[in-house]
Amino acid sequence: MPYDFTTWDRNALEEQPTPLEGTVRGTVPAWLRGAYLLDGPGRMTYGEYEFNHVFDGSALLQKFTFGETGVTFTSKFLRSYAYTTNLEHQQIVVSEFGTTGKSVAKNKLSKLGDKFAFDKMFSDNAPVGVVVFGGEYYCITEAPFLHKIDPVTLDTLSKVDLHKELGINSHCPNPRRLADGTTFNILHGVGATGPKYDIVAFPASPGDGKSTVFVKPKKLGTVDARWKLNPCHMHTFGLSESFFILLEQPLTIDVKAMVANTIRDKPFIGGMEWLEDKLVKIHLVNRETGKEVKQKVKCEAFFYMHIINCYERDNHLVIDVNGYKKPDLLHAFHLKNLREKGANLGNELDGGNVKRIVVPLGVSEKAAPELNLVMLPGSKAKAHRLKDGSLLLTPEVITDYAYEIPTLNPSYVGKRYRYFYGSSGNMTSTTGKVGKVDLDSRETKNWSEDGLYTSVAYFVPRPGATSEDDGVVLVTLLHADDKTKVTLLVLAAGDMTEVARVSFTTPSDVPRSLHGIYIPA
């Protein structure tokens, strides 16, 4: 049997607002008390209309709560404008990543106005993840809309429009939160010289007790986009002790195509352009000064969604990332493609790999072009100084496949680390594996079981732990033979053995989530 792509083709039509008790096998650790909260595309149909792409579905929040008496499951749809409007009209009104909505305006002028109104051009559906700003929880997507939620009830409380608040066009949906509550993010806007990426810090709290943390974030630095009509797609950014790291990949947003597609009623994905003859440009911005490092750094081309971690060692900067040859995955996950090619699609798709990029710091202007400037012991990554003074990097390939939605011990973010966990990009087998990658030994430990497919994994450290991998990995599993069933797996992070599993049968399809967050009790 090939990889079962029907696990990507789910349509949740009902919520589970009241806690559903799960069936437990094994023993859930007594110290594991809190909630595992996930976000992802959920509802795929309204009336007789269906979204075209896996990522288009209306956001569904799923929560597993660890209590004294067991584990429960709840779910609720995010009450975005897109969801409520589609539900009201029983058709897809608001356009999504791969689907064009149908205007319900009564005349041509109103329809044209809808097309070019910012909050109508870009959906406020937020199925990417749940993040924390100012101690409060928000659902997020690339579009500049945030929805504040109650992490206990999963109710949608309010909406933040950062286009109106800050004048931005989009932002990175994977901000970085520090231990003190400060949240860093990259905001994408337009400056005097064209598209730009602003690095900002949102405070741990508003301070005055009246406004929100979104009113005046602190601007830490700015990077100009390398292509004036093609800002790059940036799903994540890197953070080390000294630098913000921005990888400008050749997957871009073609501004001209976006305008043309809006007029022609074509979806957002049609405005994305892969500049296959271009390299990845690496921007390093000093965290203390906000200034970009003058040394120009480029890397062989690849497509990426998730930077795993970054850290500095012996005057080098290490960047670990899940990379692919091209962004074919984005187009492959149209529902029509999954249904027509499902049996063979796994053999066609690039499963990616984990790449380690090493940037030597403080390179001498006299360095010979033939000299590999990477001096880290055991590293196979390369860096060469070109005639124009720029550095050209060649990554080291760590694994045979990517390990997506990467998660690691939060105490090691931005620091030297050894382990991370994620879902295997191998879609040629009959199972969806979750793995632990050892970056020192270059070995992986995988867990898999026939008929079960990993959705999202998340590392939770044991309270009082002193070793990096002392904790558990929470894994949501989808069942190939039952769309309404979901299992939460608890693995010992040290050896990837099963500690416990809790299974639930829900009233509707259980879709894949995209990102998760653990909230301790």
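What counts and what doesn't
- Throughout this document, residue positions are counted from 1 along each chain, in the order its sequence is written.
- The model is predicted, so local features are restricted to residues of pLDDT at least 70 and side-chain atom pairs to those at 80 or more, both for listing and for counting; the totals for chains, interfaces and linings are taken over all residues.
- Only heavy atoms go into the side-chain values, all of them from the structure, while hydrogens and water stay out.
- Numbered from the N terminus, helices here are DSSP runs of H or I no shorter than four residues, and strands are runs of E no shorter than two.
- It is over C-alpha atoms that the radius of gyration is taken, and the globule rule equals 2.2 Å times the number of residues to the power 0.38.
- For each residue, the accessible area found with a 1.4 Å probe, counting protein chains only, is set against the maximum for its type, and the residue is called buried under 20%, exposed over 50%, and partly exposed in between.
- Residue contacts are defined here by distance: any two heavy atoms, one from each residue, within 4.5 Å place the two residues in contact.
- Using a 1.4 Å probe, accessible areas were evaluated by the Shrake-Rupley method; residue-level cover was limited to the displayed protein chains.
- Positive charges come from Lys and Arg, negative ones from Asp and Glu, while His and the chain ends are left out of the count.
- Every charge is mapped onto a representative atom, which is NZ of Lys, CZ of Arg, CG of Asp or CD of Glu.
- Whether two strands pair depends on DSSP finding at least two bridges between them.
- Helix axes use the C-alpha atoms of the stretch in contact, all axes being lines fitted to C-alpha atoms, and the angles between their N-to-C directions lie in the range 0 to 180 degrees.
- Within this document, salt bridges are pairs made up of a side-chain nitrogen of Lys or Arg and a carboxyl oxygen of Asp or Glu, the two lying within 4 Å of each other.
- The span one expects for a helix is its residue count, reduced by one, times 1.5 Å.
- Two joining distances apply to patches: 9 Å for like charges and 5 Å for nonpolar side chains (Val, Leu, Ile, Met, Phe, Trp, Tyr), and every residue must have over 30% relative accessible area and no salt bridge.
- Nine residue types can take part in a nonpolar core, namely buried Ala, Val, Leu, Ile, Met, Phe, Trp, Tyr and Cys, and a core is a set of them joined through side-chain atoms within 4.5 Å.
- As used in this structure description, the phrase polar contact means that two N or O atoms lie within 3.5 Å; if the pair is within protein, one of them must be able to donate a hydrogen and the other to accept it, and residues adjacent in sequence are counted only when both atoms belong to side chains.

Caption draft 1: Molecular detail of the overall build of the protein chain. Helix and strand counts for the protein chain stand at seven helices and 37 strands. Relative to the globule expectation of 24 Å for 521 residues, the C-alpha radius of gyration of the protein chain, 22 Å, shows essentially globular dimensions. With the principal axes as the frame, the protein chain shows a C-alpha extent of 65 × 60 × 55 Å. Taken across its 521 residues, the protein chain has 57% of its residues classed as buried. Of the contacts formed within the protein chain by residues at least 6 apart in sequence, a portion of 61% connects residues at least 24 apart. Total accessible area computed for the protein chain in this model is approximately 22,100 Å², and 50% of it derives from carbon and sulfur atoms. A distance of 5 Å separates the average location of the 60 positive side-chain charges in the protein chain from that of its 61 negative side-chain charges.

Caption draft 2: A look at the pairing of strand 34 (residues 471-479). Of all nine residues that make up strand 34, nine are buried, and the element is covered over most of its length. The sheet contact formed by strand 34 and strand 35 (residues 482-492) spans eight bridges and is antiparallel. Residue V475 lies in a different strand from strand 35, and its bridge partner there is L489. The turn joining strand 34 and strand 35, which pair antiparallel and follow one another in sequence, is formed by two residues.

Caption draft 3: Layout of helix 1 (residues 81-89). Listed in full, the buried residues belonging to helix 1 are A82, Y83, T85 and N86. In this structure, the buried side of helix 1 is in contact with strand 3 (34-43), strand 4 (45-46), strand 6 (58-66) and strand 7 (71-77). Backbone geometry just after helix 1 places Q90 at a positive phi near 50°.

Caption draft 4: Spotlight on the sheet that holds strand 35. Spatially, the five strands line up as an open sheet ordered 2-36-35-34-33, and their pairing is antiparallel. The open sheet has two edge strands, strand 2 (23-26) and strand 33 (452-461), and neither has a second partner. Going from strand to strand, the sheet's axes swing by 20° on average, the running direction of each strand aside. As defined by bridge partners, strand 35 adjoins strand 36 (residues 497-505) across eight bridges and the pair is classed as antiparallel. Bridge pairing in strand 36 places V486 opposite F504.

Caption draft 5: Structural context of the sheet that holds strand 30 (residues 419-424). If you trace the four strands from one edge of the open sheet to the other, you get 29-30-31-32, paired in antiparallel fashion. Each of the sheet's edge strands pairs with one partner strand only, and the pair in question is strand 29 (403-407) and strand 32 (443-447). Neighbour-to-neighbour, the strand axes of this sheet turn through a mean angle of 30°, independent of strand direction. When strand 29 meets strand 30, the two strands line up antiparallel, connected through three bridges.

Caption draft 6: Just the pattern of salt bridges, in detail. Taken as a whole and assessed by the stated rule, the structure comprises 21 salt bridges. Overlapping salt bridges, with partners in common, bring together R25, E449, E498 and R501 in one network.

Caption draft 7: Local environment of the side chain of T74. Note on placement: T74 falls in strand 7. We classify T74 as buried; its relative accessible area is 9%. Sequence-distant contacts of T74, that is, excluding residues within four places in its chain, are made with Q16, P17, T18, P19, L61, Q62, K63 and L154.

Caption draft 8: A look at helix 7 (residues 335-348). An ideal rise of 1.5 Å per residue puts 20 Å on 14 residues; helix 7 reaches only 16 Å between its terminal C-alpha atoms. Residues of helix 7 that are buried sit in contact with strand 5 (49-50) and helix 6 (328-332).

Caption draft 9: Broad picture of a nonpolar patch on the surface. Judged by side-chain polarity, L229, V255 and V259 come together as a nonpolar surface patch covering roughly 210 Å² of accessible area. Considering the arrangement of structural elements, one finds L229 in the loop between strand 16 (218-224) and strand 17 (238-239).

Caption draft 10: A look at the pairing of strand 36. Pairing of strand 2 with strand 36, which is carried by four bridges, proceeds in the antiparallel orientation. Note that in strand 36 the partner of T23 across the bridge is S503.

Caption draft 11: Seen up close, the nonpolar core. Counting 54 residues, the largest nonpolar core has I245, L247, I282, I319, L393 and F420 as the members making the most contacts within it. With near-sequence residues (within four places) excluded, L247 lies in contact with C232, M234, V280, K281, I282, F302, Y304, I307 and I319. Counting 36 residues, the second largest nonpolar core, distinct from the first, contains M258, M272, Y324 and L335.

Caption draft 12: Molecular detail of the environment of N409. Within the fold, N409 resides in the loop between strand 29 and strand 30. Sequence spacing of N409 and E241 is 168 residues, and the spatial spacing of their C-alpha atoms is 16 Å. Polar contacts involving the side chain of N409 include one to the main-chain carbonyl oxygen of E468, which spans 2.9 Å.

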